[in-house]
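Residue-level structural notes
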Protein chains: 2
Amino acid sequence: MTNTWLQKCIEDIAKFGAGERGMDRLAFTESDRQARQYVIDLMLEMGMTIREDAFGNVIGRLEGTDPHAAPVVTGSHIDTVPDGGKYDGVVGVAGALYAVKNLQTRGPLTHPVEIVVFMAEESSRFGFATMGSKAMVGQVNQTLWSKAKDKDGVTLAEAMRTFGLDFANIKKAVRKPGDIKAFVEMHIEQGPVLEATGKKIGVVTAIAAPTRLKITVKGFAAHSGTTPMEDRQDALVSAAMIVLAIQEIALEQSRHGTVGTVGNLKVHPGVMNVVPGLVEMWVDIRGVNHESIIECLQDVKDAISTIAEGQETPVAIDILTSDKPVQLHEEVRTVITEAAKSCGASYQDIHSGAGHDAMNIALLAPTGMIFIPCRQGISHNPEEYADPEDIQIGADVLVETLYQLAK
Amino acid sequence: MTNTWLQKCIEDIAKFGAGERGMDRLAFTESDRQARQYVIDLMLEMGMTIREDAFGNVIGRLEGTDPHAAPVVTGSHIDTVPDGGKYDGVVGVAGALYAVKNLQTRGPLTHPVEIVVFMAEESSRFGFATMGSKAMVGQVNQTLWSKAKDKDGVTLAEAMRTFGLDFANIKKAVRKPGDIKAFVEMHIEQGPVLEATGKKIGVVTAIAAPTRLKITVKGFAAHSGTTPMEDRQDALVSAAMIVLAIQEIALEQSRHGTVGTVGNLKVHPGVMNVVPGLVEMWVDIRGVNHESIIECLQDVKDAISTIAEGQETPVAIDILTSDKPVQLHEEVRTVITEAAKSCGASYQDIHSGAGHDAMNIALLAPTGMIFIPCRQGISHNPEEYADPEDIQIGADVLVETLYQLAK
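Residues numbered from 1 in each chain as written. Chains lettered and ligands numbered in written order. Predicted model: local features only at pLDDT ≥ 70, side-chain atom pairs only at ≥ 80, totals over all residues. Heavy atoms only, no water.

Looking up chain A in an unreviewed UniProt entry gives the name Zn-dependent hydrolase, with the organism given as Anaerosporomusa subterranea.

Here it is, written out as structure tokens:
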């Protein structure tokens, strides 16, 4: 591994929450706290002023020459999924730190530059994604969030309290339109496109929106030894049919770049000698083509009602989130493209299948994203990997982009 | 509720360990002790002599005219699952007490009659089922049992000590072949068959043996938003195919009375934004036809290897237990059938999908079982219910059966 400043930063952050199989640094956990402190210490070293907003987003600020100018903002997240990788999010935070370090050598900038470490970007712990940036743009459903619990039954409010934050104050995290001149996030692609084309920089045009469902299948719990096969209402059998139906529908819609996944499934009572009486499933549907997502969702609903009727197992569908794809800002995309050119980096336009904090900040300020390649497009996996040289190229393009926006 | 002697006995026993939702009378608990004392007092009233064996099985004995004749034994258990019902096991003990009361009015019998209250029939507390009858026939794995703990970490040995029993003496509970002339257990069906056919008595032909599998499906965890459908190795999709394959195979084998159930399924990492990388499944296959179970198992293995190959998701199969079904004794079945006839009770042959103490005692002595209907086949549930008149009919048939065997 090449031993650059960026690499050291990434490897240092990877020390917090390193699990047996991969990174386990869920939001609002002790390892998250430690990694954030590590980043805060680096920002302080660089002479940035630090503040933490009402949701725990960390904001480091480098003043510009014009005290009234709106800041140019960059950053990403450092929380991970369970058994996650070292690069998702972290590359954008390390890149931002590297950028500010370098901008300081370029002499004074007119605009302040801010680095944001967004809180709880991954939905793994509480079932909601990009929570920190949602809080920052005021896109919070407080009723739903107040019910959010992790696997151990810890509520979001309780988790926030361990960080000294009060759920009731979430609204105070909101930033007003005009507060930010522009936002740029650097991130690994988490897909196979750039590796396949050999381009080093992806200029993101749009971000796919996730539609998320919770599906509850109601069967009848009965003795697995004494209940004849014909007399059963086995919730898991119906759930299995639903899993396969969603897979088939998503395959059909994949020609529009839409994907569908059943990421989790829980069986109740979940013991070997009882026919499953209840199954809960969580589904994630995404795409950049809104019509395709709508069609996919309708097909899933139709398939489920057919299965529910045929199996005599009532099924309830809760739509947890249903967002529209987000188009990124023309001018910022141009600045990124020019920056890539002036750095001599190969580049292409690309869309993001994954959600990012940038899609929320786009509601507040002109926003762009810089993608870099990652091996085999693997992410949310211990094998996630980005080539140190590719990370360096991405960071250099980020430096130039921020310079042009803030100068 | 009709107020017969049997009903009073059942309701009295239900006073011990009555929980909020159902009966909570786990083995070796204070409520278990109190219920056992209630039964012992009734047996003493009837002039029976009482002894407790080295595992805590209570044995009440009514002497016959021939001091050398082997006893005819009946009984069941009074421990329950958590949130259990009033009838599982208790019906067989109350029926046995009722039977002895009535046999005494029929004049002296040649053979002694014994009532056994088996200890720890339910696996709920220590993870092993029918422990008392296993101890009685010497089918104890002392190494495994010595490690058995309840959910509070209390070991079996510690629980036995609270009943004044020493784990090291378990072997002393063993009875020798020839010790018992015949054993008959009365029990609720815990299934829907008798209710459906309208027959009042089930003459049990065989007791199903469980074959239990743990199936592990290995996929590849990947980002649910960015991984194209075609590039996925989704462990849950393969698992869903396996669930449906097992259902289909079990339906096919159900003509031999074989059933198959996937009782639990766990997804890893089990979050909405990651394609499932690993799935664990627990399967319970039961039947009374050994060939059918073997065939079922083979078909499941074949289906799994086809799915594993087609989906490129390797699957591992661990066989946790694989016991042979127990055939009950021809002659004892005939005696029960004749007894049903002479009582004018409708009857049919039936097999037991659930395990019972009788399946262990069958290794030691000619054994039979009498099933009575229970509402909707519901058991291990507070809604478990048996009609007082059906219980009465079952007890009358038990009386006649014991009389013919002991006269």
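Residues and elements named next belong to chain A. Burial analysis of strand 7 (residues 209-218) places nine of its ten residues in the buried class, which makes it a mostly covered element. By the bridge criterion, ten bridges tie strand 7 to strand 11 (residues 278-287) in an arrangement that is antiparallel. Its bridge partner being in strand 11, Thr 216 is matched across the sheet by Glu 280. Judged from the seven bridges that link them, strand 7 and strand 12 (residues 315-322) form a sheet pairing that is antiparallel. Its bridge partner being in strand 12, Val 217 is matched across the sheet by Val 315. (Buried < 20%, exposed > 50% of the residue type's maximum accessible area, 1.4 Å probe, protein only. Helix = DSSP H or I, 4+ residues; strand = E, 2+ residues; numbered from the N terminus. Pairing = 2+ DSSP bridges.)

Think of a sheet as strands paired side by side through backbone hydrogen bonds, with each pair either parallel or antiparallel. All names here are of chain A. Spatially, the four strands line up as an open sheet ordered 9-11-7-12, and their pairing is antiparallel. Each edge of the open sheet is held by one strand with a lone partner, namely strand 9 (259-268) and strand 12. Here the strands of the sheet are splayed against their neighbours by 15 degrees on average, with no regard to which way each runs. Helix 8 (residues 235-253) rests against strand 7, strand 9, strand 11 and strand 12 of the sheet, and its axis sits at about 175 degrees to strand 9. (Axes fitted to C-alpha atoms, helices over the stretch in contact; angles between N-to-C directions. Contact = heavy atoms within 4.5 Å.)

The next subject is the pattern of salt bridges. Residues and elements named next belong to chain A. Inspection of the entire model under this criterion finds 37 salt bridges over all chains. When the shortest N-O distance is used, the salt bridge between Asp 390 and Lys 200 registers 2.9 Å. Taken together, the residues span a long stretch of sequence, with Asp 390 in helix 12 (residues 388-406) and Lys 200 in the loop between helix 7 (193-197) and strand 6 (201-207) at a distance of 190 residues. Taking the relative accessible area as the measure of exposure, Asp 390 reaches 8% and is therefore buried. On the accessibility criterion, Lys 200 (29% relative accessible area) is partly exposed. The partner of Arg 212 in a salt bridge is Asp 284, with the nearest N and O atoms 2.9 Å apart. With Arg 212 in strand 7 and Asp 284 in strand 11, this pair connects stretches of sequence that are 72 residues apart. For the residue pair Arg 212 and Asp 284, the accessibility class agrees, reading buried in each case. Three or more residues are tied together by salt bridges with common partners; here these are Arg 61, Glu 63, Glu 114 and Arg 175. (Salt bridge = Lys/Arg side-chain N within 4 Å of Asp/Glu carboxyl O.)

A few words on the confidence of the model for chain A. The share of residues in chain A with pLDDT of 70 or more is 99%, and the mean pLDDT across the chain is 95. Across the predicted assembly, pTM comes out at 0.78 and ipTM at 0.83. (pLDDT = per-residue confidence, 0-100.)

All names here are of chain B. Here we have four strands laid out as an open sheet, ordered 9-11-7-12, and antiparallel in their pairing. Only two strands of the sheet have a single partner each, and these edge strands are strand 9 (259-268) and strand 12 (315-322). Geometrically, the sheet is characterised by an average inter-axis angle of 15 degrees between neighbouring strands, direction not taken into account.

This paragraph deals with the UniProt feature "binding site: Zn(2+) 1" (unreviewed entry) in chain A. Residues and elements named next belong to chain A. UniProt records the feature "binding site: Zn(2+) 1" (unreviewed entry) at His 77, Asp 88 and His 187, using the numbering of this structure. Taken together, the annotated residues stretch across 111 residues yet fold into one region, lying no more than 9.7 Å apart by C-alpha. Restricting the annotated residues to those that line the largest cavity leaves His 77, Asp 88 and His 187. If you trace the backbone, Asp 88 turns up in the loop between strand 3 (72-77) and helix 3 (90-105). Here His 77 takes part through its side chain, which lies 3.1 Å from a polar atom of the side chain of Asp 88. Tracing the backbone through its elements, the reader meets His 187 in strand 5 (residues 182-188). Excluding anything up to four places from it in sequence, His 187 contacts Ser 76, His 77, Asp 88, Gly 89, His 356, Met 369, Ile 370, Phe 371 and Ile 372. (UniProt positions renumbered as here; feature names shortened; annotations may be inferred. 1 Å grid on protein atoms, 1.4 Å probe; cavity = no way out; pocket = protein on both sides within 12 Å on 5 of 7 lines; lining within 4 Å. Polar contact = N/O pair within 3.5 Å; in protein donor to acceptor, adjacent residues only side chain to side chain.)

For the rest of this paragraph, the subject is the domain arrangement of chain A. Residue and element names in this part refer to chain A. Under the domain assignment, chain A is made up of domain 1 (4-208 + 325-406) and domain 2 (209-322). Taken over C-alpha atoms, the centre of domain 1 sits 33 Å from the centre of domain 2. Taken together, both faces of the contact between domain 1 and domain 2 bury some 860 Å²; the carbon and sulfur share is 62%. Per-residue buried area on domain 1 facing domain 2 is highest for Ala 208, Pro 325 and His 351; these three make up 47% of the total on that side. Linking domain 1 with domain 2 are zero salt bridges, by the criterion used here. Applying the counting criterion to the domain 1 and domain 2 interface returns one residue pair in polar contact (both at pLDDT 80 or more). (Domains from an automatic or database assignment. Buried area = accessible area lost by both parts, 1.4 Å probe.)

As a further point, take helix 3 (residues 90-104) of chain B. Residues and elements named next belong to chain B. Helix length check: helix 3, at 15 residues, gives a terminal C-alpha distance of 21 Å against a target of 21 Å (1.5 Å per residue), a fit within 8%. With twelve of 15 residues buried, helix 3 lies mostly within the body of the structure. Considered for burial, the residues of helix 3 that qualify are Val 90, Val 91, Gly 92, Val 93, Ala 94, Gly 95, Ala 96, Leu 97, Tyr 98, Ala 99, Val 100 and Leu 103. (Expected span 1.5 Å × (residues − 1).)

Per the counting criterion, the structure on display carries 16 aromatic pairs over all chains. For the pair Phe 28 of chain B and Phe 163 of chain B, a centre-to-centre distance of 5.2 Å together with 80 degrees between the ring planes defines the contact as edge-to-face. Separated by 135 residues along the polypeptide, Phe 28 of chain B in the loop between helix 1 (5-14) and helix 2 (30-45) and Phe 163 of chain B in the loop between helix 6 (156-162) and strand 5 (182-188) bring together distant segments of the chain. Residues Phe 28 of chain B and Phe 163 of chain B agree in their burial class; the two are buried. For the pair Phe 128 of chain B and Trp 145 of chain B, a centre-to-centre distance of 6.0 Å together with 40 degrees between the ring planes defines the contact as tilted. A residue pair is termed long-range when its members are at least 10 positions apart, and Phe 128 of chain B in the loop between strand 4 (113-118) and helix 4 (131-137) and Trp 145 of chain B in helix 5 (residues 142-147) qualify at 17 residues. What makes Trp 145 of chain B buried here is its relative accessible area of 2%. Of the aromatic side chains, those joined through ring pairs into one cluster are Phe 28, Phe 55, Phe 128, Trp 145 and Phe 163 of chain A. Over the face of the ring belonging to Tyr 403 of chain A we find Arg 106 of chain A, whose NZ or CZ atom lies 4.5 Å from the ring centre. (Phe/Tyr/Trp six-rings, centres within 6.5 Å; stacked < 30°, edge-to-face > 60°. Lys NZ or Arg CZ within 6 Å of the ring centre and 35° of its normal.)

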